[in-house]
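For reference, the chains in residue letters:
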Amino acid sequence: MAAEREPPPLGDGKPTDFEDLEDGEDLFTSTVSTLESSPSSPEPASLPAEDISANSNGPKPTEVVLDDDREDLFAEATEEVSLDSPEREPILSSEPSPAVTPVTPTTLIAPRIESKSMSAPVIFDRSREEVQENIEEEANGDIFDIEIGVSDPEKVGDGMNAYMAYRVTTKTSLSMFSKSEFSVKRRFSDFLGLHSKLASKYLHVGYIVPPAPEKSIVGMTKVKVGKEDSSSTEFVEKRRAALERYLQRTVKHPTLLQDPDLRQFLESSELPRAVNTQALSGAGILRMVNKAADAVNKMTIKMNESDAWFEEKQQQFENLDQQLRKLHVSVEALVCHRKELSANTAAFAKSAAMLGNSEDHTALSRALSQLAEVEEKIDQLHQEQAFADFYMFSELLSDYIRLIAAVKGVFDHRMKCWQKWEDAQITLLKKREAEAKMMVANKPDKIQQAKNEIREWEAKVQQGERDFEQISKTIRKEVGRFEKERVKDFKTVIIKYLESLVQTQQQLIKYWEAFLPEAKAIA
Amino acid sequence: METYAEPSCASVDLQGDSSLQVEISDAVSERDKVKFTVQTKSCLPHFAQTEFSVVRQHEEFIWLHDAYVENEEYAGLIIPPAPPRPDFEASREKLQKLGEGDSSVTREEFAKMKQELEAEYLAIFKKTVAMHEVFLQRLAAHPTLRRDHNFFVFLEYGQDLSVRGKNRKELLGGFLRNIVKSADEALITGMSGLKEVDDFFEHERTFLLEYHTRIRDACLRADRVMRAHKCLADDYIPISAALSSLGTQEVNQLRTSFLKLAELFERLRKLEGRVASDEDLKLSDMLRYYMRDSQAAKDLLYRRLRALADYENANKALDKARTRNREVRPAESHQQLCCQRFERLSDSAKQELMDFKSRRVSSFRKNLIELAELELKHAKASTLILRNTLVALKGEP
């Protein structure tokens, strides 16, 4: 399934059904009128890829987002459409009950234009009720009722074969899961294996698959060797938090949430070991070679970009990447210096205590001891703030730096897709020339072969074009979703981080207010 | 060239009477040297005018300090510690490095960093002025020290005192003298028969030895805290700049968020910088001053101990002379002199040490209170701007 170019199978990927397609089409015609009656809806029926590009400029200020959403209604996967962010509410709420219907059947506009998306009707049938309840949930602001937690890191085994097992707990009310609360034990390579599977299925058709946390040979070796010091506990905690964020981002993706591999990862008690994720394994080396080859190819592909949106977006992401990297470096310096401040404060606290002990004036001695206590508490504060600096601010930035790499990867896949289409066109041309030659040379058996080949390549050209348009559409949607998520993510984290800073300051006020009378009491 | 405006001596509480008021009214930094304008206001008959000023350099302060130390008359007094040499090296180096430039730094960042370094330079300058001023003011406040002839010359003599800085030989000599002194101290304390008769001094000696070590430690560590704080404040500069660029590039709601955050970090930076400089002034500097002052007190104890040892030796010599019945007279007078000297020293030392204690206690009290009040002020200001930003961020869609 992974290698095929069919749209990602939703649910358990039942084979498509032609009867359903016809049903879908009927529904489609009935709703066209509904859509046309609403004010800002563009012509649904005749919506070739070019129109989409003309009307949308990607996620910009709110008004334009609305238009973009509307066009997105015509994209493929139903789930995505219905489970999208509350920004969609204005569209839906402006048209009460019919609002529900346009959402689902419009996916079948796609079959009209592109015969490829045959599994769409299946989606429609199965997920109608889910769509209903999800829209209601959406109305409450609760989009995905699924919560993932990664906790309780536990060392399993000994020596170099040891590994950390993490508990993955899922709480959900989604009906696709058999229980509402369950947990399993997973190790790091399991997470990598999951990502590997999802990436191989969805990346090349334009879905932004969240990247898994990075491997660290040094970090893990320390843990394996059994060093119980603070740096290895910090390493484990850092990894645990990263794994949690990784899963949370993955399940937030409406398409990925439907994936059976993801479900298996979350639910089943036993998971086949993902061996090909090891850095130095054969598969690992192959991956590295492929990455290098990709980089070279990317440089040689010269694409005729007919759509300014893609160029604009790529530039935007490139800029964003650079800026985030710069910020990340600065924040890392902040974390480092705050830790230093904490250590220095602790050292000072000790020496202040010693000084207080030496001081022979009683009241001053007491005040100095109090000062030492205050400084000790402040040291703790600095440490906690450093953690907040790191886990909230710094890690957010590094997550997004890697996510943007995934976004860039998706754009690259589109280029490769285009290249494939180009190549097919070139080959078709060659085959036609060959046929012409055969006609002249009058070799009947060869002519037939040539004609066959022409037919074959005509189909490939068509497929190539369809694939390209499909991936372009998917990317537009994905980028829209990604940007919305990014805004939400950043805003949430920024607020949390600022609140941590406020906390620290308030504690400082408490400590110094307690100390002041002691200083005044020196007589 | 830097000129400085206002004196501030936070470390020492002086209750001088107004018959002799000394202050450093102006200071100019020229390349390697700092020129202090010492202004005196006095109604003492000794001076030609009631108000006058002279220009002095650091070496001349050191000359004055050494003159006091070497004067036998003041052996029983704590000589106010000499002000440290003005040291702008580190600051100058940093400014130079900044000038050499890091191309990845934006213009605004550069301007801010330059501003920070200039403020640092100015702060060091102000501090050195304060240290020199405190030295003079303590002298002026002390009933005995203020009447010193060299002090008058220092305050009044219009010309250059032609005191050059110590050359290498003299520096080395000073260094050796210190070693000899500590060796001597060790010797005389270990001397058999040398008993400390006075509990007060016994206590003071133990106390001062330990206190001096610990306050030196505390001072060093307070310095490190202050520097780490300064570093932290400086970190906010590139963060604010990066957030600013992010904000201007964004086309969605994050634009305002990033820009507000950039502004916030800029303001937090200033507050953190103030926390660092207040810690420096109220804590580090105070500890440093009393580290030096406690050393001066230790020096006094040493001189007294030396006088005691001399007295003991004179006693022994007198006994010997009596047994041999030779040169009893000179031995007697020598012993008497030593005894008188020792008692004189002990008396004044006792007073001095008690003054030292009360000076220390009141100074610590003042500075600790001010430190706590300033920390509170800054923490409250930080909370306010953080809360305002949070309200703004939460409020927007």
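Just above, that's the structure.
A quick note: this is a predicted structure, and the numbers were derived from the prediction, not measured. Residue indices begin from 1 for each chain and proceed along its sequence in written order. The order in which chains are written sets their letters, starting at A; the order in which ligands are written sets their numbers, starting at 1. Totals for whole chains, interfaces and linings use every residue, but because this is a predicted model, local features are given only for residues with pLDDT of at least 70 and side-chain atom pairs only at 80 or more, for both listing and counting. With hydrogens and water stripped out, all remaining heavy atoms of the structure feed into the side-chain values.

Comments concerning the pattern of salt bridges
All names here are of chain B.
Next up, step 1: The salt bridge criterion pairs a side-chain nitrogen of Lys or Arg with a carboxyl oxygen of Asp or Glu, the two atoms within 4 Å. Summed over all chains, the structure comprises 60 salt bridges over all chains.
Next up, step 2: The residue Glu120 makes a salt bridge to Lys230 at a minimum N-O spacing of 3.2 Å. Placement of the pair is Glu120 in helix H3 (residues 107-141) and Lys230 in helix H6 (residues 199-249), with a sequence separation of 110 residues.
Next up, step 3: Buried residues are those whose accessible area, probed at 1.4 Å on protein chains only, stays under 20% of the maximum for their type, while exposed residues exceed 50% and partly exposed ones sit between those limits. Here Lys230 falls in the buried class, since its relative accessible area comes to 16%.
Next up, step 4: A salt bridge links Arg221 to Asp217; its shortest N-O distance comes to 3.9 Å. Here Arg221 pairs with Asp217, and both are found in helix H6, just four residues apart, close to one helical turn.
Next up, step 5: Arg221 gets classed as partly exposed once you look at its relative accessible area, which sits at 24%.
Next up, step 6: Each of Lys94, Lys112, Glu116, Glu120, Lys230, Asp234, Glu266, Arg269 and Lys270 takes part in a single network of salt bridges with overlapping partners. What counts as a helix is a DSSP run of H or I of at least four residues, what counts as a strand is a run of E of at least two, and both are numbered from the N terminus.

Observations concerning the packing of helix H15 (residues 308-358) of chain A against helix H16 (residues 362-441) of chain A
Residues and elements named next belong to chain A.
Next up, step 1: Every angle, taken between N-to-C directions, lies between 0 and 180 degrees, and every axis is a line fitted to C-alpha atoms, over only the stretch in contact when it is a helix. Look at H15 against H16: their axes get within 7 Å of each other, and the N-to-C directions meet at 165°. Of the possible angle classes, the one that applies to H15 and H16 is roughly antiparallel. Both H15 and H16 take part in a crossing whose hand is left-handed. An angle below 35 degrees is read as roughly parallel, one above 145 as roughly antiparallel, one from 65 to 115 as roughly perpendicular, and any other as oblique. Throughout, a crossing is termed right-handed when the near helix is turned clockwise from the far one, and left-handed when it is turned anticlockwise from it by less than a right angle.

Notes on the interface of chain A and chain B
Next up, step 1: Opposite the 57 residues of chain A that make contact, chain B presents 66 residues.
Next up, step 2: Buried surface at the junction of chain A and chain B, summed over both partners, amounts to about 5,600 Å²; 71% is from carbon and sulfur atoms.
Next up, step 3: Salt-bridge contacts for Asp360(A) lead to Lys357(B); the nearest nitrogen and oxygen are separated by 3.6 Å.
Next up, step 4: Between N or O atoms, a polar contact is any pair within 3.5 Å; within protein, one atom must be a potential hydrogen donor and the other a potential acceptor, and residues adjacent in sequence are included only when both atoms are from side chains. The interface formed by chain A and chain B includes 15 residue pairs in polar contact (both at pLDDT 80 or more).
Next up, step 5: Broken down by secondary-structure element, the contributors of at least two residues to the side of chain A that touches chain B are H15, H16 and helix H17 (444-520) of chain A.
Next up, step 6: For the side of chain A that touches chain B, the leading source of residues is H15(A), giving 24 residues.
Next up, step 7: Three residue categories are used. Nonpolar comprises Ala, Val, Leu, Ile, Met, Phe, Trp, Tyr, Cys and Pro, charged comprises Asp, Glu, Lys and Arg, and polar comprises the others, including Gly. Residue composition of the side of chain A that touches chain B, grouped by class: 33 nonpolar, 13 polar and eleven charged. Residues are treated as being in contact if the distance between any of their heavy atoms lies within 4.5 Å. Buried area counts how much accessible surface, traced with a 1.4 Å probe, disappears from two parts once they are put together, with both parts' losses summed.

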